[in-house]
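Coordinate analysis (summary)
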Number of protein chains: 2
Amino acid sequence: MKKYQQLAQQIIDQIALGAWLAGDKLPSLREQVALSGMSFMTVSHAYQMLESQGVIVARPQSGYYVASRPATRSAIAPVKVTRDEAVDINTYIFDVLQASADSTVVPFGSAFPDPRLFPLQQLNRSLATVSKTATAMSVIENLPPGNEALRHAIARRYAQHGMQVSPDEIVITAGALEALNLSLQAVTEPGDWVIVENPCFYGALQALERLRLKALSVATDPQNGIDLVALKQALNDYPVKACWLMTNAQNPLGVTLSQQKKQQLVELLQQHNVTLIEDDVYSELYYGRERPLPARAYDAQGITLHCSSFSKCLVAGFRIGWVAAGKHARRIQQLQLMSTLSASSPMQLALVDYLATKRYDTHLRKLRRILAERKQQTLQALHQLFPAEVKIHHSESGYFVWVELPEYMDASVLSEQAIAHKISIAPGKMFTTGGAWHNYFRLNASWALGEREQHAVETLANLIKNQMKE
Amino acid sequence: MKKYQQLAQQIIDQIALGAWLAGDKLPSLREQVALSGMSFMTVSHAYQMLESQGVIVARPQSGYYVASRPATRSAIAPVKVTRDEAVDINTYIFDVLQASADSTVVPFGSAFPDPRLFPLQQLNRSLATVSKTATAMSVIENLPPGNEALRHAIARRYAQHGMQVSPDEIVITAGALEALNLSLQAVTEPGDWVIVENPCFYGALQALERLRLKALSVATDPQNGIDLVALKQALNDYPVKACWLMTNAQNPLGVTLSQQKKQQLVELLQQHNVTLIEDDVYSELYYGRERPLPARAYDAQGITLHCSSFSKCLVAGFRIGWVAAGKHARRIQQLQLMSTLSASSPMQLALVDYLATKRYDTHLRKLRRILAERKQQTLQALHQLFPAEVKIHHSESGYFVWVELPEYMDASVLSEQAIAHKISIAPGKMFTTGGAWHNYFRLNASWALGEREQHAVETLANLIKNQMKE
């Protein structure tokens with residue numbers, strides 16, 4: 001993020017947190033230079049940007065004021081996730097996912113990283129160990145909350161990053177998706193309002209639909225993540241029960257919230273006594289020097305249910321995830337006993353064995369290095385081959401690239417054309433309800449850019465160019 | 001079932017199916033003797049029993065008539081599964097299940113058979129094979145509907161029993177419980193009426209609660225299973241959408257419906273266009289000469305979603321089940337992708353490997369023999385040690401014994417006392433809502449009757465005797 005963007009965001013956040021109210025006079029350009037230590041150019045640029053966004057207004061001969069009707073108001077929208085509409089979108093998502101599962105298709109639309117990056121040999125060794133050591137009674141030992149050694153191993157990893165999570169509050173689930181679903185169910189009743197991001201992981205919208213919850217979507221952008229001003233407004237205007245967010249490598253945007261922003265987010269939710277359901281499945285996939293902490297790390301009050309899994313960074317097929325559920329751990333176990341009973345027992349044991357080998361961190365370092373390289377290569381290819389009108393958003397984490405076509409274009413049409421050429425992409429339509437993000441798509445940059453993939457990027461570029469000509 | 005009971009049930013079923021209407025004159029005793037080929041004593045006994053149940057009335061000098069207000073009317077009850085009530089019962093169930101998972105407790109309350117009866121060594125060999133052969137891409141190959149070879153193997157087992165089930169309609173799930181939940185969700189909308197048995201597997205009531213469905217409980221008894229007269233009445237009186245039943249080794253009663261009754265059940269549901277969600281997890285655990293077919297075998301119209309798993313007859317910890325879902329297969333895959341994504345990939349592969357060894361049938365034969373023996377031993381011990389006032393219901397399938405205490409006693413109190421002595425039982429309260437079945441409990445007879453178990457039966461007997469004295 002550039003300096004002027006940082007300053008603008010800081011001011012937006014200050015407004016969100018009530019430091020500046022509508023109609024308040026902001027520090028003048030000169031005062032802001034003194035306050036921020038930034039150059040006049042930078043400050044001026046930031047104010048211009050805020051003005052263009054309608055966040056502040058310039059009054060001649062007077063200065064800059066916080067807009068009386070925040071432009072961000074439109075950044076909140078109650079979203080329809082009624083059954084009829086949702087069925088259509090779910091069928092659509094299902095079709096896109098099915099297409100990505102076809103091995104003859106270049107899976108740019110896939111949500112999973114290239115599984116060849118996972119330590120198959122070592123995992124298989126752990127599986128072989130389990131096949132020698134599992135006892136008849138291990139099923140019972142692995143019932144909810146799940147294998148004790150595994151919960152300890154996960155708690156130790158939290159501790160490694162300076163977080164206090166007790167093994168007793170961890171519930172092992174069949175993947176993070178189950179953890180998220182159970183968490184949402186544990187803290188809501190049908191008809192409750194729940195905040196989701198816009199765009200967001202489609203699993204969140206589907207879960208809300210299934211549990212008959214009302215969705216409130218809050219604007220989220222590829223640079224800064226969720227709009228805290230809009231979030232605050234939503235919390236003020238609606239009796240919100242929970243907030244389902246991704247704070248690291250958000251799906252589909254890829255954005256990771258700054259540490260400061262995570263703190264502000266937690267404070268805001270604490271003030272409103274709203275539960276945070278934090279989907280943190282990409283937390284291990286950062287490419288900067290330090291591992292970004294989840295919002296949970298800043299939550300001393302225990303409003304956060306932190307959900308994650310091994311599916312995106314170690315092995316997808318085992319279907320093992322977890323939730324650090326705090327006081328909700330017991331309720332979540334009850335809900336699990338009613339739905340899937342428990343996560344698979346040999347899979348839990350194999351992970352215990354694998355984690356004990358201490359190879360996990362070595363694997364993760366290698367995984368991050370390769371994913372960062374591949375993303376770089378993919379970005380290069382996209383920049384080189386896609387028309388200049390196409391904007392490419394990306395971040396320092398995860399393996400998704402968020403591609404913005406010109407406004408008049410339709411990524412769903414592109415998706416259909418691409419499938420005919422054996423290429424899948426994930427159109428923006430999958431990550432929202434209503435017509436938003438129609439000209440965006442998510443591209444999975446975890447694949448080695450071999451001849452087939454290179455050719456696929458070229459084909460996509462040609463399809464885009466053809467659509468532009470029409 | 002004794003002959004007179006058979007005849008009585010046959011007449012009840014004929015009434016249910018409309019062969020005899022209220023007020024109709026039944027064949028006289030003499031005519032019935034000629035019709036049925038049974039003795040005068042038997043027929044007379046059957047008519048007396050029906051009269052005492054209020055199903056028929058005797059008019060002096062005239063004969064026997066179908067009761068004008070069927071006594072079975074009370075055998076249908078809309079059941080409250082509201083959140084508040086359900087949370088209590090769910091907590092109760094959770095506590096009982098947790099107690100059974102404690103290895104220091106004699107698990108008479110457990111729903112699982114003794115896991116030491118499972119072919120651990122061979123399963124581990126299959127796991128070892130998977131650990132050598134699994135590829136990075138196998139995750140994708142095992143996404144819903146699940147591993148193709150596994151679906152074929154399951155379809156072949158259906159074929160073995162003369163049933164036509166295509167691999168294409170099978171969806172592999174994380175255990176039968178997920179299959180049942182997804183099936184119910186696929187065919188209902190919140191507010192719909194669904195028929196369950198009374199008593200029934202608690203998972204059914206929990207699923208109804210979660211999906212905000214209205215439960216209609218239909219009387220089911222340990223001798224004859226579901227009351228078809230009551231079922232017919234329920235179908236006439238309520239706009240029922242689905243019916244969740246166990247036709248083989250019903251949990252908790254253990255009863256298996258006769259072939260004829262399964263046919264009548266299917267016909268009834270077909271007439272009313274009601275979906276049958278058939279929970280058939282104990283189908284392999286029969287002790288007669290022939291494998292009882294599920295209701296699905298008699299359903300040519302495709303109204304049945306047949307759910308089963310390997311958890312009760314091969315391995316519980318793998319968490320692999322399935323549904324033969326007919327036209328609903330696609331919808332169920334969609335719902336699965338939204339909740340748990342898929343069943344674990346190595347577990348699916350291990351089962352494919354195990355089933356290919358052709359050892360499954362050998363294992364099942366041995367399992368049936370041992371389970372039948374153990375049940376016999378347990379029944380002996382119960383008959384010997386329990387007071388004569390206690391009735392013990394059992395059947396030719398499964399490993400559950402349904403124990404009936406005198407009406408004035410409370411099995412929940414017994415359960416609490418038993419837990420203090422490190423013995424778990426499953427009180428009737430778990431299998432219903434409202435106060436019914438308070439004096440019943442389910443006892444798991446799959447355990448070898450060693451010293452510890454023998455002692456536990458003695459302790460239970462003493463606790464019962466003490467409660468009787470009070």
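Just so it is clear, the structure is predicted and the values come from calculations on it, not from any experiment.

1. Section: the sheet that holds strand S14 (residues 400-404) of chain A
Residues and elements named next belong to chain A. In space, the four strands of this open sheet follow the order S13-S14-S17-S16, with antiparallel pairing throughout. In this open sheet, the two edge strands, each paired with only one partner strand, are strand S13 (391-393) and strand S16 (426-427). In this sheet, S14 lies alongside S13 in antiparallel orientation, the contact comprising three bridges. Looking at the pairing, Lys391 lines up with Glu404 of S14. Those strands touched by helix H14 (residues 360-385) are S13, S14 and strand S17 (440-444), and its axis lies near 15 degrees from that of S14.

2. A few points about the relation of the copies chain B and chain A
If you rotate chain B by 180 degrees and push it 0.0 Å along the axis, it lands on chain A with an RMSD of 0.1 Å. Here the transformation between the copies is reduced to the relation of a two-fold axis. By C-alpha distance to the rotation axis, the residue of chain B lying nearest is B:Ala128, at 2.4 Å.

3. With respect to the packing of aromatic side chains
One pass over the full model with this rule turns up 28 aromatic pairs over all chains. Measuring from ring centre to ring centre gives 5.0 Å for B:Phe201 and B:Tyr202, while their planes differ by 50 degrees; the resulting arrangement is tilted. The burial state of B:Phe201 is the same as that of B:Tyr202; both residues are buried. These aromatic residues form a ring-pair network of at least three members: A:Phe201, A:Tyr202, A:Trp402, A:Phe431, A:Trp437 and A:Tyr440. In this arrangement the basic side chain of B:Lys429 is found over the ring face of B:Tyr92, its NZ or CZ atom lying 4.0 Å from the centre.

4. Quick notes on the packing of H14(A) against helix H16 (residues 451-469) of chain A
Residues and elements named next belong to chain A. For the pair H14 and H16, interaxial distance at closest approach is 10 Å and the crossing angle is 35 degrees. With respect to the hand of their crossing, H14 and H16 are arranged in right-handed fashion. Between H14, through Ala381, Leu382 and Leu385, and H16, the contact on the second element is made entirely by Gln454, Val457, Glu458, Ala461 and Lys465. Broken down by class, the residue content of the contact of H14 with H16 amounts to five nonpolar, one polar and two charged.

5. Topic: the interface of chain B and chain A
Between chain B and chain A, the residue contacts involve 55 residues of the former and 55 residues of the latter. In this assembly, chain B packs against chain A so that about 5,100 Å² is buried in total across both faces, 64% of it on carbon and sulfur atoms. Here chain B and chain A share two salt bridges between them. A salt bridge links A:Asp95 to B:Arg330; its shortest N-O distance comes to 2.8 Å. Put simply, chain B and chain A have 14 residue pairs in polar contact (both at pLDDT 80 or more) between them. Within the residue set of the side of chain B that touches chain A, elements represented by two or more residues are helix H4 (83-101), helix H5 (120-133), helix H6 (138-141), helix H8 (175-187), helix H9 (202-210), helix H12 (329-339) and helix H13 (345-356) of chain B. Grouping the constituent residues of the side of chain B that touches chain A by class yields 27 nonpolar, 18 polar and ten charged.

6. Focus: the domain arrangement of chain A
Residue and element names in this part refer to chain A. Split into domains, chain A comes out as domain 1 (3-66), domain 2 (82-86 + 120-359) and domain 3 (361-468). The C-alpha centroid of domain 2 is placed 36 Å from the C-alpha centroid of domain 1. In this assembly, six residues from domain 1 lie in contact with eight residues from domain 2. Both faces considered, domain 1 and domain 2 share a buried interface measuring about 770 Å² in area, 58% of it formed by carbon and sulfur atoms. In this structure, the connection of domain 1 to domain 2 is made through one residue pair in polar contact (both at pLDDT 80 or more). Grouping the amino acids of the side of domain 1 that touches domain 2 by side-chain chemistry returns three nonpolar, two polar and one charged.

7. Here we look at the pairing of strand S17 (residues 440-444) of chain B
All names here are of chain B. The element S17 is largely enclosed, with a buried count of five among its five residues. The alternating pattern of S17 places Tyr440, Arg442 and Asn444 on one face and Phe441 and Leu443 on the opposite face, and all of these are buried. One ladder, built from five bridges, connects strand S14 (residues 400-404) with S17; its direction is antiparallel. Residue pairing in the sheet places Phe400 in a bridge with Asn444 of S17. Where strand S16 (residues 426-427) lies against S17, two bridges are found, and the strand directions are antiparallel. Residue Pro427 lies in a different strand from S17, and its bridge partner there is Phe441.

8. Comments concerning the side chain of A:Gln334
When you line up the elements, A:Gln334 lands in helix H12 (residues 329-339). Given the relative accessible area of 6%, A:Gln334 is considered buried. Here A:Gln334 is in contact with B:Asn90, B:Thr91 and B:Phe94, once residues within four sequence places are set aside.

9. Notes on the sheet that holds S17(B)
If you trace the four strands from one edge of the open sheet to the other, you get S13-S14-S17-S16 (chain B), paired in antiparallel fashion. Both outer strands of the open sheet, strand S13 (391-393) and S16 of chain B, are each paired with one neighbouring strand and no more.

10. Thoughts on the pattern of salt bridges
As enumerated under the stated definition, the model contains 24 salt bridges over all chains in all. The shortest N-O distance in the salt bridge between B:Glu284 and B:Arg291 comes to 3.2 Å. Each of the two residues, B:Glu284 as well as B:Arg291, counts as buried. Three or more residues are tied together by salt bridges with common partners; here these are A:Arg157, A:Glu284, A:Arg291, A:Asp361 and A:Arg368.

Each value, and the rule that gives it
Residues numbered from 1 in each chain as written. Chains lettered and ligands numbered in written order. Predicted model: local features only at pLDDT ≥ 70, side-chain atom pairs only at ≥ 80, totals over all residues. Heavy atoms only, no water. Pairing = 2+ DSSP bridges. Helix = DSSP H or I, 4+ residues; strand = E, 2+ residues; numbered from the N terminus. Contact = heavy atoms within 4.5 Å. Axes fitted to C-alpha atoms, helices over the stretch in contact; angles between N-to-C directions. Least-squares fit on C-alpha atoms with pLDDT ≥ 70 in both. Phe/Tyr/Trp six-rings, centres within 6.5 Å; stacked < 30°, edge-to-face > 60°. Buried < 20%, exposed > 50% of the residue type's maximum accessible area, 1.4 Å probe, protein only. Lys NZ or Arg CZ within 6 Å of the ring centre and 35° of its normal. Left-handed = near helix turned anticlockwise from the far one by under 90°. Nonpolar A, V, L, I, M, F, W, Y, C, P; charged D, E, K, R; others polar. Buried area = accessible area lost by both parts, 1.4 Å probe. Salt bridge = Lys/Arg side-chain N within 4 Å of Asp/Glu carboxyl O. Polar contact = N/O pair within 3.5 Å; in protein donor to acceptor, adjacent residues only side chain to side chain. Domains from an automatic or database assignment.

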